[in-house]
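# Structural description and commentary
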Amino acid sequence: MFSRTLLLLFSSILSISLTAQSIKKMPVAKSGCSYYGFCDISFETSYSQDSSIVYAGECVRDSISWGLICVKLVSLPTGLEQAEEILTAYLNYLKTSFSIQKAAGYGKGHRLNKNENTRGILDYWEDAEKNSWKVKGWTDGKYIAVLYAFSKKELPENKVNLFLDGFRMPE
């Protein structure tokens, strides 16, 4: 009797763990960048006004939209301070594009994977449809990336952080 109960418990735990969402590393189109995500993002490639290559896409899983925009800069900034200014300007542009109505304010000083040659900016937004957003932008002066998650329901903070901090630039 005891071993049968133990077997049922083990098979239940195994079943739950197999159906749980796992994060996996995926490429950002042909950019050389990658991300750790919960669903496969299909990227569209376009060009900005200065001819920088822009890779952008979204996917939806469990009523959460996961998005990533990666820009390979054609005009390189003179340093990380200027790169962070460009990232800030890009986030301001995205607020308009995504109809953002409220923002907590930019939190600066983040480093991607503890790399001192990167800069990161974090913000929380709310759009016109009352979706809650968490957004994080990254730059190394050659690339700008903006990762975001949004949903009408409360965002799972730990899961969202794995995604937002899971961006990788080419070595």
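Figured I'd write up the structure that's included with this text. (Residues numbered from 1 in each chain as written. Predicted model: local features only at pLDDT ≥ 70, side-chain atom pairs only at ≥ 80, totals over all residues. Heavy atoms only, no water.)

## Things to note about helix 3 (residues 157-164)
Because each turn of an α-helix spans 3.6 residues, side chains separated by three or four positions in sequence point in the same direction. Defined as follows: A 1.4 Å probe rolled over the protein chains alone gives each residue an accessible area, and that area as a share of the maximum for its type sets the label: buried under 20%, exposed over 50%, partly exposed in between. Counting from the N terminus, the helices are the DSSP runs of H or I reaching at least four residues and the strands are the DSSP runs of E reaching at least two. As used here, the arc belongs to the directions running from the helix axis to the C-beta atoms. By definition, residues are in contact when any of their heavy atoms lie within 4.5 Å.
Among all positions in helix 3, only Val 160, Phe 163 and Leu 164 are buried. Seen end-on, helix 3 carries its buried residues on one side only, within an arc spanning 95°. For helix 3, the secondary structure elements touched by its buried residues are strand 2 (34-37), strand 5 (64-72), strand 9 (132-139), strand 10 (143-151) and strand 11 (167-168).

## Section: the sheet that holds strand 1 (residues 24-27)
Under the convention used in this document: Note: two strands are recorded as paired if DSSP finds a minimum of 2 bridges between them. Angles shown run from 0 to 180 degrees and are taken between the N-to-C directions of axes, each axis being a line fitted to C-alpha atoms and, for helices, limited to the stretch in contact.
Sheet architecture is open: three strands sit in the order 1-2-11, paired in antiparallel fashion. Looking at which strands have only one partner, the edges of the open sheet turn out to be strand 1 and strand 11. Relative to strand 11, strand 2 runs antiparallel, the two sharing two bridges. If you follow Tyr 35 over to strand 11, its bridge partner there is Phe 167. On the sheet, helix 3 packs against strand 2 and strand 11 and is oriented at approximately 165° with respect to strand 2.

## Remarks on the state of the cysteines
Working definition: the covalent bond between the sulfur atoms of two cysteines is a disulfide. Rules: Whenever a pair of cysteine sulfur atoms sits within 2.5 Å, that pair is classed as a disulfide.
The full count for this structure, using the stated rule, is one disulfide. A sulfur-sulfur distance of 1.9 Å marks the disulfide that ties Cys 39 to Cys 59. On the sign convention where negative means left-handed, the S-S torsion of about 70° between Cys 39 and Cys 59 marks this disulfide as right-handed. Of this pair, Cys 39 sits in the loop between strand 2 and strand 3 (44-47) while Cys 59 sits in strand 4 (residues 53-61), and the two are 20 residues apart along the sequence. Cys 33 takes part in no disulfide bond, and the closest cysteine sulfur, belonging to Cys 70, lies 3.7 Å away. Classification of Cys 33 as buried rests on a relative accessible area of 3%.

All quantities given are derived from atomic positions and should not be read as evidence of function.
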